[in-house]
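# Topology and contacts: notes
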Amino acid sequence: MKMSELDRLYHLMCDEMTRAKITLSQIEKELEGYDSHSRAIVIKKIKGRPYYYMQWKEDGKLCCRYLGAVKPGAVFEEEGKIRRYQELTAEIKEQVSLIEQIDVFLRHLRSERRKKHILEDYSFEVFWKDEITSRVIVKGSRVQVTRFVEHPLKQLFAYKDMTRDQLNRIFEMRCFDRNRADIAEILMRLGLDEYNPYEIVKKTHGVSYNDYIWFRFPGERLTSQDVLVRG
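This is a predicted model, so every value here is computed, not measured. (Residues numbered from 1 in each chain as written. Predicted model: local features only at pLDDT ≥ 70, side-chain atom pairs only at ≥ 80, totals over all residues. Heavy atoms only, no water.)

## Brief notes about the layout of surface pockets
Counted only if it meets this: Using a grid of 1 Å spacing that covers the protein atoms alone, one calls a set of points a cavity when a 1.4 Å probe fits there but cannot get out, and a pocket when the set is open and has protein on both sides within 12 Å along at least five of seven lines; lining residues are those with an atom within 4 Å of a point. Grid points are joined across faces, edges and corners, and a volume is the space filled by probe spheres set on the points. Helical segments are the DSSP runs of H or I of at least four residues, strand segments are the runs of E of at least two, and each set is numbered from the N terminus. Classification used: nonpolar for Ala, Val, Leu, Ile, Met, Phe, Trp, Tyr, Cys and Pro, charged for Asp, Glu, Lys and Arg, polar for all others including Gly.
Considered as a void within the structure, the largest pocket measures approximately 440 Å³ in volume. Taken together, 15 residues form the lining of the largest pocket, with C14, T18, M188, L192 and D193 sitting closest to its centre. Contributions of two or more residues to the lining of the largest pocket are made by α1 (5–31), α2 (76–119) and α4 (183–190). With six residues, α1 is the single largest residue contributor to the lining of the largest pocket. In the lining of the largest pocket, the residues fall into eight nonpolar, two polar and five charged.

Pasting the structure below:
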């Protein structure tokens, strides 16, 4: 089935979200190796001589740690760690902001896709093994079913006309339970981020362990051997 520009943009943004979350995770992991307090290097004079000290606040109290006498390059490593800590915290803020922006855009795209799919006309064929049993055409709010087989074990549809809602309930019967504990993991493997029976059967072809019925959508070069889970 040809992917629309809206779907293409949606999947592109899903990929961007995945990359952004991976990057954030990598930054957070690196940041774990640093102290959680913002630190600064200060110079204090003790008996007229300058010394470096690490200074930070902890539990509302100002803390200091002696680093040594002031001389060129004496606190080079400490300065590098402070600079890297500042870079990482800034990168986290940027990445969190990016993720929030992508999330807002994705919510908008999901809403637009729902509207589009509600109105989208489409068709598909239903097979029992490699024998066609029905052809379904969805136009507007109506669903038309042409049945080629009447055998009750092979035929999925009892009526020749139905609503989109009725068809959606049939789709859901061909899907995994929406209340499964591992539902998020299953949807992620399918490349989906929500439980949508129509989108699920486009991925799974409506295959069930209980029978040999499956769906073929336009543009797919498939046989029962490609999709059925049992011989």
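## Here's the deal with the side chain of E125
What counts is decided by this rule: Note on classification: 1.4 Å probe, protein chains only; a residue is buried when its accessible area is under 20% of the maximum for its type, exposed when over 50%, partly exposed between these limits. Any two residues having at least one pair of non-hydrogen atoms within 4.5 Å are treated as being in contact.
Along the chain, E125 turns up in strand β4 (residues 122–128). Overall, the relative accessible area of 17% leaves E125 in the buried class. The residues contacting E125, other than those within four sequence positions of it, are I132, S134, R135, W214, F215 and R216.

## Thoughts on the sheet that holds strand β3 (residues 61–69)
The condition is simple: For two strands to be treated as a pair, DSSP must find at least two bridges joining them. Between the N-to-C directions of two axes lies an angle of 0 to 180 degrees, each axis being a line fitted to C-alpha atoms and, for a helix, fitted only over the stretch in contact.
In space, the three strands of this open sheet follow the order β1-β2-β3, with antiparallel pairing throughout. Where the open sheet ends on each side, the last strands, each with one partner, are β1 (39–46) and β3. Adjacent strand axes in the sheet meet at a mean angle of 35° when their direction is disregarded. Pairing of strand β2 (residues 49–58) with β3 involves eight bridges; the strand directions are antiparallel. Paired with Q55 across the two strands is C64, which belongs to β3.

## Points about the packing of aromatic side chains
Note the threshold: Any Phe, Tyr or Trp ring, taking Trp's six-membered ring, that has another such ring centre within 6.5 Å forms a pair; planes under 30 degrees apart are called stacked, those over 60 apart edge-to-face, and the others tilted.
Tallied over the full model, the rule gives 13 aromatic pairs. When the centroid spacing of 6.4 Å and the interplanar angle of 20° are considered together, the rings of Y122 and F124 count as stacked. The same class applies to Y122 and to F124, which are both buried. Linked through ring pairs, Y122, F124, F171, Y198, F215 and F217 together constitute an aromatic cluster.

## Things to note about α1
Stated precisely, the cut-off is as follows: Multiplying 1.5 Å by the residue count of a helix minus one yields the expected span of that helix.
Spanning 27 residues, α1 covers 39 Å between terminal C-alpha atoms, matching the ideal 39 Å at 1.5 Å per step. Along α1, the residues classified as buried are D7, Y10, M13, M17, A20, L24, I27 and L31.

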